[in-house]
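Understanding the architecture of this molecule
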Amino acid sequence: MAGPDPTDPWSPAHAAPPPLPDHPRIGVPAQWISSAPLTADVRTAFLRALGDLSDRGFEVVDLHAPTLEPWGALNDLMGAQVARVHRAWMADPTKAYGPEVEERLRLVLDVDADRLVDALQWQSSLIAATSRALTDVDLIATPAVAANRKVIGEPLLETESGDTPYRAALAWFSALVNHMRAPAVALPLAHGTGLPHSLQLIAPWGAEQHLLDIAEGLEAAGVVGFRPPPDRSASGS
C-alpha cells in the first residue's frame, strides 16, 4: 500500500486503479470453484455471502476464466523457492530436520531448471489470465478455504469431492492468489453458527485501498465481522 520500494527488486510499480463504480462488478470464477473440494457448509456460506453482496448493490456475475484453477505448476514453483532457502541448511549436519519435514524438502530439491522454467511460464500465464479477468470485473470472489475444519492427526478431509488431502483443501484458493501476485483480503462472515466461514476478494494490482474500503463497508453492514469461537466448555473439550 505504500507503493513500490526501489530497494526491493520484487516490488513492481503499478498504476493507480480507477475509482470503483457505484455498483462494483464481482466475478465468481466458475472453473476454479467448481473444481474445488468444497465442503457443503463452505458452499452454502459462500452462496449466502454472494447473495448478501448482491443485496447491497454489488453486481455478481459468473466469470469464465479456466486458467484460474490450481494446481498447474504451483508445487514446482513453490518447491524451487523453498529449496532456495533450505538447500544450504539441509547440507549442514548441525541443523537437523524432523523425518517428515526432511522427506518433503527432499522432494523440492528435485525441482530442476527445466521444471522451474515450466513453472515460471505457468505463473506468467496465470498473471496474464488474472489481468484479463480483472478487466471484465472489478473484483473476484471465492471462498477463502475449501474446508474450514482440520482434525489434528488426520491427513484427509471429508468434502463434496470425497476424502481430500487437507493441504489441498485449505490452500485451494489462497495459494493461487499468492502466485497471481494480486492483492486480496479474507473476510470472516458474520452470519451462521459454529466455525466461522470466510470470503476472499481479489483486486487488481495496486487496489489494496479498494479492498479495505469494501471490507469496512461490509463490516458496517453486518455482512462480515468477528464472531467469537463456539463455547465448548459444556462438553468438556
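Attention in this report is confined to the structure presented alongside it.

Cut-offs applied
- Residues numbered from 1 in each chain as written.
- Predicted model: local features only at pLDDT ≥ 70, side-chain atom pairs only at ≥ 80, totals over all residues.
- Heavy atoms only, no water.
- Helix = DSSP H or I, 4+ residues; strand = E, 2+ residues; numbered from the N terminus.
- Buried < 20%, exposed > 50% of the residue type's maximum accessible area, 1.4 Å probe, protein only.
- Contact = heavy atoms within 4.5 Å.
- Lys, Arg positive; Asp, Glu negative; His and termini not counted.
- Charge placed at Lys NZ, Arg CZ, Asp CG, Glu CD.
- Pairing = 2+ DSSP bridges.
- Salt bridge = Lys/Arg side-chain N within 4 Å of Asp/Glu carboxyl O.
- Polar contact = N/O pair within 3.5 Å; in protein donor to acceptor, adjacent residues only side chain to side chain.

Right, let's get into the overall build of the protein. Of the regular secondary structure elements, the protein holds eight helices and seven strands. Judged by the C-alpha coordinates and their principal axes, the protein covers about 60 × 55 × 30 Å. When burial is assessed residue by residue, the protein has 37% of its 237 residues classed as buried. The contacts in the protein between residues at least 6 apart in sequence include a share of 76% that link residues at least 24 apart. Side-chain charges in the protein split into 17 positive and 29 negative, and the spacing between the mean points of these groups amounts to 5 Å.

On to the pairing of strand E6 (residues 184-188), then. Along E6, the buried face is formed by Val185 and Leu187; none of Ala184, Ala186 and Pro188, which line the opposite face, is buried. In this structure, E6 lies alongside strand E7 (residues 198-202), joined through five bridges in antiparallel fashion. The residue bridging Ala184 from the neighbouring strand is Ile202, located in E7.

With four of five residues buried, strand E1 (residues 25-29) is to be regarded as a mostly interior element. Pairing of E1 with strand E2 (residues 59-63) involves five bridges; the strand directions are parallel. Paired with Arg25 across the strands is Glu59, a residue of E2. The sheet contact formed by E1 and strand E3 (residues 139-143) spans two bridges and is parallel. From the neighbouring strand, Ile26 faces E3, where its bridge partner is Leu139.

In this structure the tally under the stated criterion is four salt bridges. The shortest N-O distance in the salt bridge between Arg115 and Asp76 comes to 2.7 Å. With a gap of 39 residues between them, Arg115 in helix H5 (residues 113-136) and Asp76 in helix H3 (residues 74-90) connect regions that are remote in the sequence. For the salt bridge of Glu102 with Arg106, the shortest nitrogen-to-oxygen distance reads 3.0 Å. Taken together, the residues Glu102 and Arg106, both in helix H4 (residues 99-108) and four residues apart, mark about one turn of the helix. With a relative accessible area of 28%, Glu102 lands in the partly exposed category.

Before going further, it helps to spend a moment on the side chain of Arg227. Structurally, Arg227 can be placed in the segment after helix H8 (208-220). The charged side chain of Arg227 is buried without a salt bridge, its nearest counter-charge being Asp41 at 9.2 Å. In terms of polar contacts, Arg227 uses its side chain to reach the backbone carbonyl oxygen of Ala190, at 3.5 Å. Each residue touching Arg227, except ones within four places of it in the same chain, is listed here: Leu189, Ala190, His191, Gly192, Thr193, Gly194, Leu195, Pro196 and His197.

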